[in-house]
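Now for the letters of each chain:
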Amino acid sequence: MKKLSRFDKIIFVLNIIAATLLLLSYILPYLPPKAFFVLSVLSLGVSVLIIINVLFFMYWLFKLKNQLIVSLTVLVIGYITYGSFYKFSSSKNIDNTNNIKVMNYNVRLFNLYEWIPEDSIDTKILDFIKKESPDILNIQDYHPNPDLDFSFFKYKYEKLSGKKLKSGQVIFSQYPIINSGSLEFPNTANNAIFADVVKGKDTIRIYNIHLQSLKIDTNVEKLKQENTSYLFNRVGSTFKMQQVQTELFLAHKKQCRYKMIITGDFNNTAYSYVYRSIRGDLNDTFIEAGNGFGRTYDFKFFPVRIDFMLADEAFAVNGFKTYNQKYSDHYPIMTKLSLED
């Protein structure tokens, strides 16, 4: 420290702060937001903290300074604990006649309010889904549109709410649905639904989850105008609601005797309490077969993965893809699964 210039001393202090925050964030998945809501807010910034620490490491490496050990140590701890923030391996893509293609997509009401200034977004979404032909499709922020014909799916279960505008979630399936239902999260339009589908001799439980939305405009200029304290408290309150919703979901899931596939918009990251709780011993199909950052939400400055596809360990994960179609504020994702003999 004594041999550092004044500028480098300032940089090192900032480095220690960033490394400490990242280290602290590693325990967030184990801290329930209802008890630690202040710390839980950090989970949204873990990807940023990782990038910052990588930059600090590169800075000290370029200068051949021992201070690189600080960020390097924290990054290695994170890698050992959670795996890589970026998946360097190529996507797995195994064609199997028994594959079940499952897609998840938050369609943002099919651009009903023209957030994207482009014509025919709704029909482009429909055409995209037809082209990719998933066997099971879970949609969040679904709005029934008489101009959109999803009849190429043989079966569906939808749960909508709202008086003036009907919206909610839907599960489309090419396999027969023998049972379905809704969890009915309290005091919110967000929800979780399920459908039991039959493929061959197997019955599979499909969950479609939409946890409480943050309702934050990700436009940076608008974020600057937000009152920091109010914004912080609102995010904390949302995470508390997400915990309640997660507990309701886990109680329902515990009663299920079938192999299951869980997909949805968690409105939180892979470093959060709700993700760890819902995932349990299931496989995250992106981790098993995806590559890159796996970003699922359209945020300009860093990749955000808040949409997930989890599968029972009985399934082989034969593929995962994040699409680039910008027809919503979320990107569609799809996995290929097969039941191992």
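Everything below is about the structure shown above.
Calculation notes
- Residues numbered from 1 in each chain as written.
- Predicted model: local features only at pLDDT ≥ 70, side-chain atom pairs only at ≥ 80, totals over all residues.
- Heavy atoms only, no water.
- Pairing = 2+ DSSP bridges.
- Helix = DSSP H or I, 4+ residues; strand = E, 2+ residues; numbered from the N terminus.
- Expected span 1.5 Å × (residues − 1).
- Buried < 20%, exposed > 50% of the residue type's maximum accessible area, 1.4 Å probe, protein only.
- Arc of directions from axis to C-beta.
- Polar contact = N/O pair within 3.5 Å; in protein donor to acceptor, adjacent residues only side chain to side chain.
- Contact = heavy atoms within 4.5 Å.
- Axes fitted to C-alpha atoms, helices over the stretch in contact; angles between N-to-C directions.
- Left-handed = near helix turned anticlockwise from the far one by under 90°.
- Nonpolar A, V, L, I, M, F, W, Y, C, P; charged D, E, K, R; others polar.
- Phe/Tyr/Trp six-rings, centres within 6.5 Å; stacked < 30°, edge-to-face > 60°.
- Lys NZ or Arg CZ within 6 Å of the ring centre and 35° of its normal.
- 1 Å grid on protein atoms, 1.4 Å probe; cavity = no way out; pocket = protein on both sides within 12 Å on 5 of 7 lines; lining within 4 Å.
- Points joined across faces, edges and corners; volume = space filled by probe spheres on them.
- Parallel < 35°, antiparallel > 145°, perpendicular 65-115°, else oblique.
- Patch = residues over 30% accessible without salt bridge, like charges linked within 9 Å, V, L, I, M, F, W, Y side chains within 5 Å.
- Areas by Shrake-Rupley, 256 points an atom, 1.4 Å probe, with all protein chains shown as cover.
- Salt bridge = Lys/Arg side-chain N within 4 Å of Asp/Glu carboxyl O.

Caption draft 1: Main features of the sheet that holds strand 6 (residues 191-199). Ordered by their spatial adjacency, 6 strands build an open sheet running 5-6-7-8-10-9, and the pairing between neighbours is mixed. Only two strands of the sheet have a single neighbouring strand rather than two, namely strand 5 (177-182) and strand 9 (283-284). Judged from the 5 bridges that link them, strand 5 and strand 6 form a sheet pairing that is antiparallel. Looking across to strand 6, one finds that serine 182 is bridged to isoleucine 193.

Caption draft 2: Representation of helix 1 (residues 6-25). Taking 1.5 Å per residue, 20 residues should reach 28 Å; helix 1 reaches 29 Å between its end C-alpha atoms and fits that length. Taken together, the buried positions of helix 1 are occupied by Asp8, Ile11, Phe12, Asn15, Ala18, Ala19, Leu22 and Ser25. Projected down its long axis, helix 1 carries its buried residues within an arc of 140°, all on one side.

Caption draft 3: Local environment of the side chain of serine 338. Looking at where serine 338 falls in the secondary structure, it is placed in strand 12 (residues 333-339). For serine 338, the side chain forms a polar contact with the side chain of asparagine 318, separated by 2.9 Å. Aside from chain neighbours lying at most four places away, what touches serine 338 is Asn96, Asn98, Asn99, Ala314, Phe315, Ala316 and Asn318.

Caption draft 4: Up close: the packing of helix 1 against helix 3 (residues 46-62). Where helix 1 contacts helix 3, the two axes come as close as 9 Å, and the packing angle between them is 145°. Crossing angle aside, the handedness with which helix 1 passes helix 3 is left-handed. Across the interface between the two elements, Phe7, Asp8, Ile11, Phe12, Leu14, Asn15, Ala18, Ala19, Leu21, Leu22 and Ser25 of helix 1 pack against Val46, Leu49, Ile50, Ile52, Asn53, Phe56, Tyr59 and Trp60 of helix 3. Residues that form the contact of helix 1 with helix 3 fall into these classes: 15 nonpolar, 3 polar and 1 charged.

Caption draft 5: Expanded view of the packing of aromatic side chains. One pass over the structure, following the stated rule, counts 19 aromatic pairs. Relative to phenylalanine 172, the ring of tyrosine 142 lies with its centre 6.2 Å away and its plane at 75°, an arrangement referred to as edge-to-face. With tyrosine 142 in strand 2 (residues 136-142) and phenylalanine 172 in strand 4 (residues 167-173), the pair connects residues that are 30 residues apart, well separated along the chain. Residue classification places tyrosine 142 among the buried residues on the basis of a relative accessible area of 5%. Every member of this aromatic cluster is reached through a ring pair, and the members are Phe110, Tyr142, Phe150, Phe152, Phe153 and Phe172. The ring of tyrosine 331 has arginine 295 sitting right over it, with the charged end atom 3.7 Å from the ring centre.

Caption draft 6: Quick look at empty space enclosed by the protein. This structure, assessed with the given rule, holds 1 cavity of 30 Å³ or more. There is about 60 Å³ of room inside the largest cavity. Lining the largest cavity are Leu28, Leu31, Pro33, Ser40, Ser43, Phe239, Gln242, Asn268, Tyr271, Ser272, Tyr273 and Val274. Elements supplying a minimum of two residues to the lining of the largest cavity: helix 2 (33-40), helix 8 (228-254) and helix 9 (273-279). The class makeup of the residues in the lining of the largest cavity is 7 nonpolar, 5 polar and no charged.

Caption draft 7: Representation of the sheet that holds strand 2 within the structure. Reading across the sheet, the 6 strands line up as 3-4-2-1-12-11 and stay open at both edges, with mixed pairing between neighbours. Strands at the two margins of the open sheet, each flanked by one partner only, are strand 3 (155-161) and strand 11 (315-322). Sheet twist, expressed as the average angle between the axes of neighbouring strands with direction ignored, equals 15°. In this sheet, strand 12 lies alongside strand 1 (residues 100-106) in antiparallel orientation, the contact comprising 5 bridges. Pairing of asparagine 104 across the sheet is with isoleucine 333, part of strand 12.

Caption draft 8: Main features of helix 3. Helix length check: helix 3, at 17 residues, gives a terminal C-alpha distance of 24 Å against a target of 24 Å (1.5 Å per residue), a fit within 8%. Within the span of helix 3, buried status applies to Val46, Ser47, Leu49, Ile50, Asn53, Phe56, Phe57 and Trp60. Against helix 1 and helix 4 (68-82) lie the buried residues of helix 3. Trailing helix 3 by a residue or two, leucine 64 shows a phi angle of about 55°, which is positive.

Caption draft 9: Representation of the packing of helix 1 against helix 4. With their axes 9 Å apart at the nearest point, helix 1 and helix 4 run at an angle of 10° to one another. Overall, the two elements helix 1 and helix 4 adopt an arrangement that is roughly parallel. At the point where helix 1 passes helix 4, the crossing takes the left-handed sense. On helix 4, the residues that touch Phe12, Asn15, Ala19, Leu22 and Leu23 of helix 1 are Val70, Ser71, Val74, Leu75 and Ile77. Its residues assigned to classes, the contact of helix 1 with helix 4 comprises 8 nonpolar, 2 polar and no charged.

Caption draft 10: Up close: a nonpolar patch on the surface. Judged by side-chain polarity, Ile10, Val13, Leu14, Ile17, Leu21, Leu24 and Ile27 come together as a nonpolar surface patch covering roughly 550 Å² of accessible area. Mapped onto the elements of the fold, isoleucine 10 is located in helix 1.

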